[in-house]
Amino acid sequence: MIVSIIIPVFNTKYEDLLKCLDSILAQTFPNFEVVIIDDGSEDYYGNRLDELVQLDSRISVFHKKNEGVSVARNFGVNKATGQYILFVDGDDILTPWLLESAIQAVEDYDCDVIVGMINTTDKRPSIFPSREKNVKFELLDDHKKKELECHIFSKSCERWRPDQDGWEFNGEGCWAHFLKKEIALENQFIPGVAVGEDTIWALTMLNSSKDYRMGMLYEKWYYYIQNDYSVLNKYNPKIVGQLTLPVDILEKKYGASTGIVHAAYTDWLLMKLKHICFRAYLAKENTDPFNKKVSELSKVLHTAPWIDVLNRRNTQPFKKRLKFFLYDKNIALYFYSCLKLVKRKKYDIEDGSRNESKN
């Protein structure tokens, strides 16, 4: 039995990729292959990737033109020779027992998809936690799948949220999802979607008519490393369109939904709107006049799919209705910019107080 580990890279920091590979090569389950997909990186970087095959015979590198992470992952699945697939980002870290744990769970519980726990952090672990014994497993029936659907949008399930050490079931990402190759082939990522592609992927798989046998394994698997250079942690003039595209896709299914799923989806929409404000218009790199920012955001929000979202605001509870009102009436940027100013002033005052106490 072979596991194929798919790693899409696009000029990923080379030192981070090496640390990722170190955590993979240290796996206690040895029967795996590492499929690195170079998604059109610069030539010098591609040449360095070719050197990686010398590290271990289980590593292979494929080069292709830049088409985005979704196409790169699909390309990797098609190149994979293993019976199982694990998607990994090139700057993340795996616990040494991930593959052994996943294989054992698949055999013990006869599952198509196993989801393990992740830890979202900005620091790579210097030492791994102790591996736990008698790990809990939770098979997802229809009710729990609906619960996971809500959790993907709003992290609403208490038992799946971060514990005191930060370990949780993320749900919306493809990280820490261990699945059969045929399922990966049936549920490919949508080409052209660069942000939120994994949310759509997870929801599509969860709602498949084939009713996959899925389970949650309460074991620590995956460190998701947040870097300054990642897509959502840096200013990108294209970010508005990149965040709008998954909304356009999901609106077709969830725009007319009701009940707890719609409530969770609405939370997710509000989070994306806030993300647009802070990552695009209020980012320090955006030096446009403030009135221009307000005007541009207004144009975005008063065209599809956002206008459809705003038009539903009167069906929402008061707090959510108020938030959508701020966006609809072009007040949101003013509100958030004032909020940033207040927080900055508070920090300056506290910092000044600390300096005075030192003197």
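Everything discussed here concerns the structure shown above.
## Remarks on the layout of surface pockets
Where empty space is left becomes clear once a probe the size of a water molecule has been rolled over the atoms.
At step 1: Reported here for the second largest pocket is a volume of approximately 170 Å³.
At step 2: Considering the residues around the second largest pocket, the lining is formed by Leu270, Lys274, Lys319, Leu322, Lys323, Leu326, Tyr327, Phe335 and Tyr336.
At step 3: Where the lining of the second largest pocket is concerned, the elements lending two or more residues are helix 9 (259-281), helix 12 (318-328) and helix 13 (332-358).
At step 4: The element contributing the most residues to the lining of the second largest pocket is helix 12, with five residues.
At step 5: Looking at the lining of the second largest pocket residue by residue, the classes come out as six nonpolar, no polar and three charged.

## Structural notes on the side chain of Asn74
At step 1: Along the chain, Asn74 turns up in helix 3 (residues 69-79).
At step 2: Residue classification places Asn74 among the buried positions, given a relative accessible area of 8%.
At step 3: Polar contacts involving the side chain of Asn74 include one to the main-chain carbonyl oxygen of Phe189, which spans 2.8 Å.
At step 4: Leaving out residues up to four positions away in the same chain, Asn74 has contacts with Gln188 and Phe189.

## Thoughts on the pairing of strand 9 (residues 177-180)
At step 1: Of the strand pairs in this sheet, strand 4 (residues 84-87) and strand 9 are connected by three bridges, and their pairing is antiparallel. Looking at the pairing, Tyr84 lines up with Lys180 of strand 9.
At step 2: The pairing of strand 6 (residues 113-121) with strand 9 spans three bridges and is classified as antiparallel. Note on strand 9: the bridge partner recorded for Val115 is His177.

## Remarks on the nonpolar core
At step 1: Among the nonpolar cores identified, the biggest contains 110 residues, and Ile7, Phe178 and Tyr222 are the most heavily contacted of them.
At step 2: Among the elements that take part in this core, helix 9 stands out by supplying 11 residues, more than any other.

## Some points on the pattern of salt bridges
At step 1: Scanning all chains against the criterion turns up 23 salt bridges.
At step 2: Here Glu219 makes a salt bridge to Arg131, at a shortest N to O gap of 2.7 Å. Here Glu219 is found in strand 10 (residues 214-225), whereas its partner Arg131 is found in the loop between strand 6 and strand 7 (137-139), with 88 residues between them in sequence.
At step 3: Looking at Glu219, the relative accessible area reads 6%, which means it is buried.
At step 4: By relative accessible area, which is 37% here, Arg131 ends up partly exposed.
At step 5: In the salt-bridge network here, residues are joined through shared partners; they are Glu138, Lys144, Glu147 and Arg159.

## A look at empty space enclosed by the protein
At step 1: Enumeration according to the criterion identifies two cavities of 30 Å³ or more in this entry.
At step 2: Here the largest cavity defines a volume of roughly 50 Å³.
At step 3: What lines the largest cavity is simply Val294, Leu297, Leu301, Tyr327, Asn330, Ile331, Ala332 and Leu333.
At step 4: Elements represented by at least two residues in the lining of the largest cavity include exactly helix 10 (290-301) and helix 13.
At step 5: Sorting elements by how many residues they give to the lining of the largest cavity places helix 10 first, with three residues.
At step 6: Taken together, the residues of the lining of the largest cavity break down into seven nonpolar, one polar and no charged.

## A look at a positive patch on the surface
At step 1: A surface patch of positive charge is lined by Lys274, Lys319, Lys323 and Lys343.
At step 2: As for its placement among the helices and strands, Lys274 is situated in helix 9.

## A word on helix 8 (residues 239-254)
At step 1: Its 16 residues place the ends of helix 8 22 Å apart at the C-alpha level, agreeing with the 22 Å of an ideal helix rising 1.5 Å per residue.
At step 2: For helix 8, the set of buried residues is Ile239, Val240, Gln242, Leu243, Thr244, Pro246, Val247, Leu250, Glu251 and Tyr254.
At step 3: Looking at the buried side of helix 8, the elements it contacts are helix 5 (142-154), helix 7 (197-206), helix 9, helix 10 and helix 11 (306-311).

## Re the state of the cysteines
At step 1: Summed over the entire model, instances satisfying the criterion amount to zero disulfides.
At step 2: With no disulfide of its own, Cys111 lies 17 Å from the sulfur of Cys157, the closest cysteine sulfur.
At step 3: The structure places no disulfide on Cys157, whose sulfur is separated from the nearest cysteine sulfur, that of Cys150, by 9.5 Å.

Calculation notes
- Residues numbered from 1 in each chain as written.
- Predicted model: local features only at pLDDT ≥ 70, side-chain atom pairs only at ≥ 80, totals over all residues.
- Heavy atoms only, no water.
- 1 Å grid on protein atoms, 1.4 Å probe; cavity = no way out; pocket = protein on both sides within 12 Å on 5 of 7 lines; lining within 4 Å.
- Points joined across faces, edges and corners; volume = space filled by probe spheres on them.
- Helix = DSSP H or I, 4+ residues; strand = E, 2+ residues; numbered from the N terminus.
- Nonpolar A, V, L, I, M, F, W, Y, C, P; charged D, E, K, R; others polar.
- Buried < 20%, exposed > 50% of the residue type's maximum accessible area, 1.4 Å probe, protein only.
- Polar contact = N/O pair within 3.5 Å; in protein donor to acceptor, adjacent residues only side chain to side chain.
- Contact = heavy atoms within 4.5 Å.
- Pairing = 2+ DSSP bridges.
- Core = buried A, V, L, I, M, F, W, Y, C linked by side-chain atoms within 4.5 Å.
- Salt bridge = Lys/Arg side-chain N within 4 Å of Asp/Glu carboxyl O.
- Patch = residues over 30% accessible without salt bridge, like charges linked within 9 Å, V, L, I, M, F, W, Y side chains within 5 Å.
- Areas by Shrake-Rupley, 256 points an atom, 1.4 Å probe, with all protein chains shown as cover.
- Lys, Arg positive; Asp, Glu negative; His and termini not counted.
- Charge placed at Lys NZ, Arg CZ, Asp CG, Glu CD.
- Expected span 1.5 Å × (residues − 1).
- Disulfide = S-S within 2.5 Å.

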